[in-house]
Every structure is written in C-alpha cells, then in structure tokens.
Amino acid sequence: MRKFLGQIAASFATILALTQFAWAEPIRLTAFGDSLVQGYGLAQEDGFVPQLEAWLRDQGHAVSVSNAGVSGDTTTGGAARIDWSLADDPDGVIVLLGGNDLLRGLPPQETRANLAQIITASRSAGAEVLLIGMQAPGNYGADYKEDFDRIYPELAAAHDVVLHPSAFAGIMSETDGDPSRIAEFLQADGIHPNARGVALNVAALGPKVLDLIRRINASDNGVDG
C-alpha cells in the first residue's frame, strides 16, 4: 500500500510539473529595427519575424517575437521611439538598425550615441539585448568605414550584450561574398533580402538568439549572464 501511494505521489508530481511547463509563458522578444525587421517587400509569412519565430520553434523553443520594425527608420528614429516600444515589457530586444544611417551617410558618432541610448533603455527596462551589426560600404572612404564598423563590437563589449556581427551574415556565407551570387538572395532593389535571403540570415542569426534566450533564463533564475 505504501509503495502504491508513493507511485501515486510521484505521478501527481510529474503531472503537476508538466502542467506548470505547459502553462508557462513563452519568452517574449521584440525585434526592433527598420525595413529589414518590418519585412519590406515580402509576404507576411516570409518576413524576418515570422521566419525567426519558425526557426526558434523548430529548435524546440516557445518564443514569441514582436515586430517593432519601421521602414526607413534611422537610429535617431529608433532612439526616439524605444521607450514606448518597451511598454509591453519584453524579456529581450533584438536591435537591427543602422542601415538607413549608412544610406544617408550620417556621422558614425551619431549612430553610436543613438544605439547606446537604445541599449541603455532596453537594459534599464529589464530586457536582455542582442545587437546586430552593420558594415559600411567603401564609398564613404576608409576612415568612415573604420569608424562605423567599430560601433557594434565596441558597444556590445561596453554594454555586455550579445553581438551578431552582420545582418547579412547568412547571405554572405552562402555566396562567399560574390556580388553576382548575392543578387540571387535580394529583391529587385538590390538592398532588401528576398524570402530565401531572409531564411539564410535568420539561420545565421539563430544561434545568437539562443544565446540571448540563455541569458534571459539565467537572469530569471538569478544567475549572472
């Protein structure tokens, strides 16, 4: 009889644990950025956010990703709207901004200050941060490129946030940087990834998002990330 009661207790504990797991809220991420996040030129299901959610689901993670992408946004625009974008209290923020700063040739120090403000606001709100890097083209000159390209790794180190070096890492890896092949994964404007390009970029980014999730879980458990 005692053994039977023990088995019942063990079964009840297992059911309770599974029930608690089933009802646990998914981790909530906010993808904060420009048209690369918003999904410019793509069917809804082909955009960055839906493809990232699907990738994470395939990895066995219950994660919801909110789309806080605004086409044409610069880091100045991002810094101006970050506070209300954090109103739903996300667990983590994925920051993908800077491309439009490059298109406009804005000063790198301005971009750096704006991104620092976005990171600081996110961390102050209790969210872990994943910063996605951008690289300047060479047509602004070597000094500009050097100053801009240093922004992301230096900010990540200074603020202790997760860094993904390049928003286009997946495409660049698939094509070895060959311009004639890169075009296969871009829309007609030659700037925005098509659905296949997004899939490559998401797959390259995915492991860094898993790092972000680990930090969030560690923070929730009172462990330094």
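Keep in mind that this is a model prediction, so the values were computed, not measured.

Undergrad: I tried to follow the nonpolar core on my own but got confused; where do I start?
TA: Within soluble globular proteins, side chains that are nonpolar generally end up buried alongside one another. The biggest cluster of nonpolar side chains holds 52 residues, and the ones touching the most others in it are L29, L56, L115 and V209. Of the residues forming this core, the biggest block, eight residues, is contributed by helix α11 (residues 195-220). Setting aside anything within four residues of it in sequence, one finds L56 in contact with H61, V63, V65, V209, L210 and I213.

Undergrad: Explain unusual backbone geometry here, please?
TA: Leaving glycine aside, a negative phi is the common case for residues, and trans is the common case for peptide bonds. For D89, which is not a glycine, the phi torsion comes out positive at approximately 55 degrees. Following the sequence through the fold, D89 ends up in the loop between α4 (75-85) and β3 (92-96). A relative accessible area of 44% means that D89 is categorised as partly exposed. Look at D160: it is not a glycine, yet its phi comes out positive at around 55 degrees. Looking at the secondary structure, you find D160 in the loop between α8 (151-159) and β5 (162-164). You can call D160 partly exposed: its relative accessible area is 44%.

Undergrad: Explanation requested: the pairing of strand β1 (residues 27-33) in the structure shown.
TA: Regular strands place side chains that alternate from one sheet face to the opposite one. Of all seven residues in β1, six are buried; the element is thus mostly enclosed. Looking at chain direction, β1 and β3 are connected through five bridges and run parallel. Pairing of G33 across the sheet is with L96, part of β3.

Undergrad: Help me out: how do you make sense of α8 in this one?
TA: Note: α-helices contain 3.6 residues per turn, so residues at a spacing of three or four share the same orientation. Along α8, the residues that are buried comprise I151, Y152, L155 and A156. Buried residues of α8, seen end-on, are gathered within an arc of 120 degrees and therefore sit on one face of the element. Pointing more than 90 degrees away from the buried face of α8 are the exposed residues A157 and A158. Contacts made by the buried residues of α8 are with α6 (108-124), β4 (128-132), α7 (142-149) and β5. Backbone geometry just after α8 places D160 at a positive phi near 55 degrees.

Cut-offs used in this document
- Sequence order sets the numbering: in each chain, residues are counted from 1 along the sequence as written.
- Thresholds applied to this predicted model are a pLDDT of at least 70 for local features of residues and 80 or more for the giving and counting of side-chain atom pairs; totals over whole chains, interfaces and linings are not thresholded and use all residues.
- Here the side-chain values reflect all heavy atoms present in the structure, with hydrogen atoms and water set aside.
- Each nonpolar core is a collection of buried residues, namely Ala, Val, Leu, Ile, Met, Phe, Trp, Tyr and Cys, held together in the definition by side-chain atoms within 4.5 Å.
- Relative accessibility thresholds used throughout: buried, under 20% of the residue-type maximum; exposed, over 50%; partly exposed, between the two (1.4 Å probe, protein chains only).
- Numbered from the N terminus, helices here are DSSP runs of H or I no shorter than four residues, and strands are runs of E no shorter than two.
- Any two residues whose heavy atoms approach within 4.5 Å are treated as being in contact.
- Paired strands, as defined in this entry, are two strands with at least two bridges between them according to DSSP.
- Each direction from the helix axis to a C-beta atom contributes to the arc, which is the arc of those directions.

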